[in-house]
Amino acid sequence: MLLHGVGARGAILLFLLLLRPADVNPYGTDGETCSGQATQRQACDRNNTAVDAMIYSVILPTYNERENLPIITQLLHDAFSDEEIDYEVVVVDDSSPDNTLDVAKRLQQVFGEDHFRIVSRPGKLGLGSAYSAGLKASKGGRVILMDADLSHDPKHIPQMIQVMESEKVDIVSGTRYKSGGGVAG
């Protein structure tokens, strides 16, 4: 997979996306901390409220992902745990008729509410609004948008984090459509 870090003006072909939300300032709006309240692990949102910048929130919209959700959740857990990275998975389910929500609730019991959050919506409301709902529910200072259908391999996430840190960029995307990118498996 080709990884590419871009600033605010870069074009992105979405495959797997890691971003630092625009409303998160790692230094606080007062130039030092969030009204003097942020710790070393925190940043500030647009309201100058402390958020945990070192938690990565993975937003997974789901619709009929009953079979895939346990697999992708375990893969995410392994990718983050192997690198000792703090994370949460935010599942946004649009009333899947295959009972994906029941599977999500069981996974929440296994992984805990600090690592697995659920947003249940009353119908099939669409992918874009699912990401928006997930962003609103997330608590991390960094966000990863990906599909729950196993088309994105979480093993690339630590590499994406490294690109974000080393290149000091706001967005990192992986794509199979640019030269050097590809699909394996």
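Before going into details, it helps to say that this report is about the structure given with it.

## So, the overall build of the protein chain
Then step 1. Looking only at helices and strands, the protein chain has 4 helices and 8 strands in total.
Then step 2. Scanning the protein chain from its N terminus toward the C terminus, one meets helices and strands in the order β-β-β-β-α-β-α-β-α-β-α-β.
Then step 3. When each of the 185 residues of the protein chain is scored for burial, the buried share is 46%.
Then step 4. For the protein chain, long-range pairs separated by at least 24 residues make up 72% of all intrachain contacts whose partners lie at least 6 apart in sequence.
Then step 5. Working note: accessible area of the protein chain is about 9700 Å², and carbon and sulfur atoms make up 48% of it.

## What to know about the pairing of strand 6 (residues 116-120)
Then step 1. Pairing analysis gives 5 bridges linking strand 5 (residues 87-93) to strand 6, with the strands arranged parallel. Along strand 6, the bridge assignment pairs valine 89 with phenylalanine 116.
Then step 2. With helix 2 (residues 100-111) bridging strand 5 and the parallel strand 6, this β-α-β connection has right-handed handedness.

## Points about the environment of glycine 140
Then step 1. As for its position among the elements, glycine 140 is in strand 7 (residues 140-145).
Then step 2. What makes glycine 140 buried here is its relative accessible area of 9%.
Then step 3. For the pair formed by glycine 140 and aspartate 86, sequence separation is 54 residues and the distance between their alpha carbons is 9.1 Å.

## Section: helix 4 (residues 157-167)
Then step 1. Within helix 4 the residues assigned to the buried category are Ile157, Met160, Ile161, Val163 and Met164. End-on, the buried residues of helix 4 take up no more than an arc of 160°, which puts them together on one face.
Then step 2. Lysine 168 occupies a position one or two residues after helix 4 and carries a positive phi of about 50°.

## A closer look at the pattern of salt bridges
Then step 1. Enumeration according to the criterion identifies 3 salt bridges in this entry.
Then step 2. Taking the shortest distance from any N to any O, the salt bridge between arginine 117 and glutamate 88 comes out at 3.3 Å. Highlighted residues: arginine 117 in strand 6 and glutamate 88 in strand 5, separated in sequence by 29 residues.
Then step 3. Across the salt bridge formed by glutamate 165 and arginine 142, the nearest N and O atoms sit 2.4 Å from each other. A residue pair is termed long-range when its members are at least 10 positions apart, and glutamate 165 in helix 4 and arginine 142 in strand 7 qualify at 23 residues.
Then step 4. On the accessibility criterion, glutamate 165 (36% relative accessible area) is partly exposed.
Then step 5. Given a relative accessible area of 7%, arginine 142 falls into the buried group.

Cut-offs used in this document
Residues numbered from 1 in each chain as written. Predicted model: local features only at pLDDT ≥ 70, side-chain atom pairs only at ≥ 80, totals over all residues. Heavy atoms only, no water. Helix = DSSP H or I, 4+ residues; strand = E, 2+ residues; numbered from the N terminus. Buried < 20%, exposed > 50% of the residue type's maximum accessible area, 1.4 Å probe, protein only. Contact = heavy atoms within 4.5 Å. Areas by Shrake-Rupley, 256 points an atom, 1.4 Å probe, with all protein chains shown as cover. Pairing = 2+ DSSP bridges. Right-handed = clockwise from strand over helix to strand, strands pointing away. Arc of directions from axis to C-beta. Salt bridge = Lys/Arg side-chain N within 4 Å of Asp/Glu carboxyl O.

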